[in-house]
Amino acid sequence: MESKRDLLSIDDFSPDEFKKIIDWAISAKQDDGLFEEFMPLTGLTIGSIYEKPSTRTRVSFEVGIDKLGGNPLTLLKGDIQLGKSESIEDTAAVLSRYLGAITYRCFGHEDVEKLANGSSVPVINALSDKHHPCQAAADIMTIAENFNELSEIKVAWVGDGNNVLHDLMLGAAALGMEIHYAVPKGFEPDENIVSRANDIAKNTGGSVKMTHDPIEAVKDANVVYTDVFISMGEEHLKDKIEAFEGFQVNEELVANADSEYIFMHCLPAHRGEEVTDGVIDSKNSVVFDQAENRMWAQMSLMTFLIHPVAWEAFAELN
Ligand code: CP
Ligand code: NVA
């Protein structure tokens, strides 16, 4: 089997690689006309398997792959043999004979690990119950577009200790930021991921802090981030919502942030639940930049994983 690299969580990149992947994405976004000639995925088909719905991930991958000269192939789980009459590992081995890389949106994180183990081509996690690294890459890119000195940035997370927080925490720590998250008791993030983010932060000058008080997290923050309280796959946990009283990002809460703060949300948003219209539609909101940046960040990380020589050549020019 050829050596290949996967992206299952942001921790699969070193902090230095991650920073360069973000810089590459920002340069690519600014370079009008670049993708008329830079086509590192020419001749490759990139497959994407979805077990859950998606708007941003699916469209940003399809369009990004097309811009890089590749062919996107989207496979909905209900239409393929995966999980019904074929194991994940066998599916991975078969798909590796056709595809240049595979992206996978799944329920249990162990499933994307199995796909990566069985595949001889790069596997990219397009969201699991534990990680959402493509989102974090776009989010850190968006923060970098708005602020010069990332080491001086405080990111406040208010809400559930979920998949999006896990990779945001790893990414913020990798770039030396402070991340202060406020979660209700019983909805803390995975302790192994927090511990890993702390280890990364020790080397980069970043920090990771937890509170159960949203005001404490948001105090003087440059970035205020929230996500849905009930993630895909948790629809049976409707009562969970009761624990999130006081965790809505509203005008009163963001009044505690720095006056130049930006509001972030991975989307889709449940307006009136975790965030008010007044905040998400305010001049501080960058949620649609985040959505666009999914495409640029994924173009960078796909090229990095699939065609590192072309990725490096572009990086050297910029
Ligand atoms: N943020 C995000 O992953 O959106 P989709 O579920 O629409 O892909
Ligand atoms: N935490 C959310 C993110 C959706 C993009 C979920 O997993 O459903």
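Here we summarise the structure given alongside this text. Since the model is a prediction, treat every value here as computed from it, not as a measurement.

Remarks on the side chain of His180
Piece 1. You can see His180 is positioned in strand E6 (residues 178–182).
Piece 2. By relative accessible area, His180 is classed as buried at 6%.
Piece 3. Beyond its immediate stretch of four places on either side in the chain, His180 contacts Lys154, Val155, Ala156, Trp157, Lys209, Met210, Thr211, Glu216 and Ala217.

Points about the packing of helix H1 (residues 15–30) against helix H11 (residues 287–306)
Piece 1. As a packed pair, H1 and H11 sit with axes 8 Å apart at the nearest point and diverge in direction by 120 degrees. The orientation of H1 with respect to H11, classified from their angle, is oblique. In this structure, H1 meets H11 at a crossing whose hand is right-handed. Contacts between H1 and H11 pair Glu17, Ile21, Trp24, Ala25, Ala28 and Lys29 from the former with Glu292, Asn293, Trp296, Ala297, Met299, Ser300, Leu301, Thr303 and Phe304 from the latter.

A look at the site of ligand 1
Piece 1. Every residue near ligand 1 is listed here: Ser54, Thr55, Arg56, Thr57, Arg105, His132, Gln135, Cys266, Leu267 and Arg294.
Piece 2. For ligand 1, a nitrogen atom lies 2.9 Å from a polar atom in the side chain of Gln135.
Piece 3. For ligand 1, whose accessible area on its own is 260 Å², the fraction buried by protein is 96%.
Piece 4. Split by residue class, the shell around ligand 1 holds two nonpolar, five polar and three charged.

Here's the deal with the environment of Pro40
Piece 1. Position of Pro40 relative to the elements: it lies in the loop between H1 and strand E1 (45–50).
Piece 2. In this structure Pro40 comes out as buried when scored by relative accessible area, which is 11%.
Piece 3. Expressed as a C-alpha distance, the spacing of Pro40 and Ala297, which sit 257 residues apart in the sequence, is 15 Å.

Observations concerning the sheet that holds strand E7 (residues 207–211)
Piece 1. Strand order in this open sheet of five strands is E7-E6-E5-E8-E9, and the pairing throughout is parallel. Edge positions in the sheet fall to E7 and strand E9 (262–265), since each has one partner strand and no second. Ignoring which end each strand starts from, the neighbouring axes of this sheet average 20 degrees apart.
Piece 2. Judged from the three bridges that link them, strand E5 (residues 154–158) and strand E8 (residues 223–226) form a sheet pairing that is parallel.

Details of unusual backbone geometry
Glycine aside, a negative phi is what most residues show, and trans is what most peptide bonds show.
Piece 1. Cis geometry is adopted by the peptide bond preceding Pro268, which originates at Leu267 and carries an omega value of 5 degrees.
Piece 2. Topologically, Pro268 is positioned in the loop between E9 and helix H10 (277–280).
Piece 3. Unlike most non-glycine residues, Asp220 shows phi in positive territory, near 60 degrees.
Piece 4. Note that Asp220 resides in the loop between helix H8 (214–218) and E8.

Some details on the sheet that holds strand E4 (residues 123–125)
Piece 1. With respect to topology, four strands assemble into an open sheet ordered E2-E1-E3-E4, the strand pairing being parallel. The open sheet has two edge strands with one neighbour each: strand E2 (71–76) and E4. The average angle at which neighbouring strand axes cross in this sheet is 20 degrees, direction not considered.
Piece 2. Looking at chain direction, E1 and E2 are connected through six bridges and run parallel. Pairing of Tyr50 across the sheet is with Leu76, part of E2.

Examining the packing of helix H2 (residues 56–67) against H11
Piece 1. Following both chains from N to C, one finds H2 and H11 inclined at 50 degrees, their axes separated by 9 Å at the closest point. In this view, H2 runs oblique relative to H11, as classed from their interaxial angle. As H2 runs across H11, the sense of the crossing is right-handed. Here Arg56, Thr57, Ser60, Phe61, Val63, Gly64, Ile65 and Lys67 of H2 lie close against H11, whose contacting residues are Ala291, Arg294, Met295, Trp296, Gln298, Met299 and Met302.
Piece 2. The residue inventory of the contact of H2 with H11, partitioned by class, reads eight nonpolar, four polar and three charged.

Some points on the site of ligand 2
Piece 1. Lining the immediate surroundings of ligand 2 are Leu127, Asn162, Asn163, Val164, Asp227, Val228, Ser231, Met232 and Leu267.
Piece 2. Between ligand 2 and Asn162, the relevant distance is 3.4 Å, taken from a nitrogen atom to a side-chain nitrogen or oxygen of the residue.
Piece 3. Note that an oxygen atom of ligand 2 is positioned 2.7 Å from one of the backbone N or O atoms of Met232.
Piece 4. Compared with its free state, where it exposes 270 Å², ligand 2 has 94% of that area covered by protein.
Piece 5. When its residues are assigned to classes, the shell around ligand 2 shows five nonpolar, three polar and one charged.

Notes on the nonpolar core
Piece 1. Counting residues in each nonpolar core, the largest one holds 71 residues, and the members touching the most others are Phe18, Ile140, Ile143 and Met177.
Piece 2. Sort the elements by how many residues they give to this core and H11 lands first, with nine residues.
Piece 3. Membership of the second largest hydrophobic core comes to 21 residues, among which are Phe229, Val249, Leu253 and Val287.

Quick word on the environment of Phe38
Piece 1. As for its placement among the helices and strands, Phe38 is situated in the loop between H1 and E1.
Piece 2. The buried category is assigned to Phe38, whose relative accessible area is 14%.
Piece 3. For the pair Phe38 and Gly69, spaced 31 residues apart in sequence, the C-alpha to C-alpha distance is 8.0 Å.
Piece 4. Each residue touching Phe38, except ones within four places of it in the same chain, is listed here: Trp24, Lys67, Leu68, Thr303, Ala310 and Phe314.

What counts, and where the lines are drawn
- Residues numbered from 1 in each chain as written.
- Chains lettered and ligands numbered in written order.
- Predicted model: local features only at pLDDT ≥ 70, side-chain atom pairs only at ≥ 80, totals over all residues.
- Heavy atoms only, no water.
- Helix = DSSP H or I, 4+ residues; strand = E, 2+ residues; numbered from the N terminus.
- Buried < 20%, exposed > 50% of the residue type's maximum accessible area, 1.4 Å probe, protein only.
- Contact = heavy atoms within 4.5 Å.
- Axes fitted to C-alpha atoms, helices over the stretch in contact; angles between N-to-C directions.
- Parallel < 35°, antiparallel > 145°, perpendicular 65-115°, else oblique.
- Left-handed = near helix turned anticlockwise from the far one by under 90°.
- Near = heavy atom within 4 Å.
- Polar contact = N/O pair within 3.5 Å; in protein donor to acceptor, adjacent residues only side chain to side chain.
- Areas by Shrake-Rupley, 256 points an atom, 1.4 Å probe, with all protein chains shown as cover.
- Nonpolar A, V, L, I, M, F, W, Y, C, P; charged D, E, K, R; others polar.
- Pairing = 2+ DSSP bridges.
- Core = buried A, V, L, I, M, F, W, Y, C linked by side-chain atoms within 4.5 Å.

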